[in-house]
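What the coordinates show
Chain residues, written in single-letter form:
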Amino acid sequence: MEKMIIVGTGCAGLTAAIYAARANFAPLVLEGHEPGGQLSTTTLVENFPGFPEGINGPELIMNMKSQAERFGARFSYASVEDFEPADGHVRLKLDGEWHETQTLIVASGASAKWLGLPNEKALIGHGLTSCATCDGAFYRNVPVCVVGGGDSACEEATFLTRFASKVFLIHRRDKLRASPIMAERALANPKIEPIWNSTPVEYLTDAEGEMRAVRLKNLLTGEETELESRCVFVAIGHTPNTAPLRGKLDMDADGYLLQREGTRTNIPGVFAAGDVADHVYRQAITAAGQGCAAALDAEKYLAGLEG
Ligand code: NAP
């Protein structure tokens, strides 16, 4: 019987691991199919407090991991296949085998959705990103693109007007899905130019392999055009990594875990932290803060069990 299993090695999971390890729980931390979470696919992180010159996302994650290991956290590669509450504890099926734990912190994150274009994965961090807050400031006085028509796309496009010379908002229909206030704000901004009924079909790179332009296809006419853009912000939604927990833990219609009383879920001993339960802030620092809170909530729960 483990005292604590933490699912996920992004900012939330690793911060939970640091706190739990320092509380002497020797947590077992599970790395899944995207070890390090979304930070591991970014380059320079300039908004994580404590790094005045910024720090590379993968380096920040490695630092957090070694900090957790130093205090006794154990790491293992495993995917959660199933989960069930048992008598006063929790059972987890990992790669075919059932394991038992007194507490479980779910910090499995959310994955940005991408368009599925051929060189997409290689361009992430080289002019392709899903986070304007993280990367917007790198693109000053150049034109950039945002893909999507929801609240995220409108919010990111509006934010990017602080830096970019022009923001093209590329949407596959001719009506934004975003809430009216967000849509109106974006469309009223003179720096934002919507490109309707269109979608990127190819990313074009320069000699260094950095984003140079996108080839757009008008979905009504089939016409293809090239649009110069040093960066493409894909804002077509996120998917929380909660599939194996469906039907067991309370979640909203989009699959984000619901928290009650801090980071507690509907099942005693199970806590949720980071992007898996947060579609609003989605920042490394807010995920880290929730990881800390989840470890403290779990510690309190364990103290309660021991009477
Ligand atoms: P979303 O509402 O699901 O919107 C996704 C957008 O991307 C839609 O416009 C969709 O087009 C488009 N899209 C999806 N797949 C695509 C594809 N393969 N190719 C091209 N376009 C594609 O996602 P979101 O904007 O991230 O918002 C998620 C949730 O967070 C929402 O509930 C939103 O209200 C909330 N949110 C709130 C705020 C805020 O209040 N400040 C900020 C951000 C997000 P279609 O319209 O054609 O389907």
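Up top is the structure.
The rules behind each value
- Residues numbered from 1 in each chain as written.
- Predicted model: local features only at pLDDT ≥ 70, side-chain atom pairs only at ≥ 80, totals over all residues.
- Heavy atoms only, no water.
- Pairing = 2+ DSSP bridges.
- Helix = DSSP H or I, 4+ residues; strand = E, 2+ residues; numbered from the N terminus.
- Contact = heavy atoms within 4.5 Å.
- Axes fitted to C-alpha atoms, helices over the stretch in contact; angles between N-to-C directions.
- Salt bridge = Lys/Arg side-chain N within 4 Å of Asp/Glu carboxyl O.
- Buried < 20%, exposed > 50% of the residue type's maximum accessible area, 1.4 Å probe, protein only.
- Lys, Arg positive; Asp, Glu negative; His and termini not counted.

Some thoughts on the sheet that holds strand S17 (residues 232–234)
The sheet built from 5 strands is open, its strands ordered S10-S17-S11-S12-S13 with parallel pairing. Two strands in the sheet have a free side with no partner beyond their single neighbour: strand S10 (128–129) and strand S13 (192–195). Sheet analysis places strand S12 (residues 166–170) next to S13, joined by 4 bridges and oriented parallel. Directly across from Phe-168, in S13, lies its bridge partner Glu-193. Seen against the sheet, helix H5 (residues 151–160) touches strand S11 (143–147), S12, S13 and S17 and runs at an angle of roughly 170° to S11.

As for the sheet that holds strand S15 (residues 211–218)
Strand order across the open sheet formed by 3 strands is S14-S15-S16, with antiparallel pairing between neighbours. Only two strands of the sheet have a single neighbouring strand rather than two, namely strand S14 (198–205) and strand S16 (224–228). Mean inter-strand twist for the sheet, computed between neighbouring axes without regard to direction, equals 30°. Across 7 bridges, the pairing between S14 and S15 is antiparallel. Along S15, the bridge assignment pairs Leu-204 with Ala-213.

Here's the deal with the pattern of salt bridges
What the rule picks out here adds up to 11 salt bridges. A salt bridge links Arg-91 to Glu-84, with the shortest nitrogen-to-oxygen separation between them at 2.5 Å. For Arg-91, a relative accessible area of 22% puts it in the partly exposed group. Here Arg-215 makes a salt bridge to Glu-202, at a shortest N to O gap of 3.1 Å. Highlighted residues: Arg-215 in strand S15 and Glu-202 in strand S14, separated in sequence by 13 residues. Assessed through its relative accessible area of 24%, Arg-215 is described here as partly exposed. A single salt-bridge network, built from bridges that share partners, covers Glu-84, Arg-91 and Glu-100.

Some thoughts on the side chain of Glu-156
Structurally, the position occupied by Glu-156 is in helix H5. No salt bridge is formed by the buried Glu-156. Its closest oppositely charged neighbour is Arg-282, at 5.2 Å. Apart from the residues lying within four places of it in its own chain, the contact partners of Glu-156 are Ser-130, Cys-131, Ala-132 and Phe-233.

Worth remembering: the numbers are spatial, not functional.
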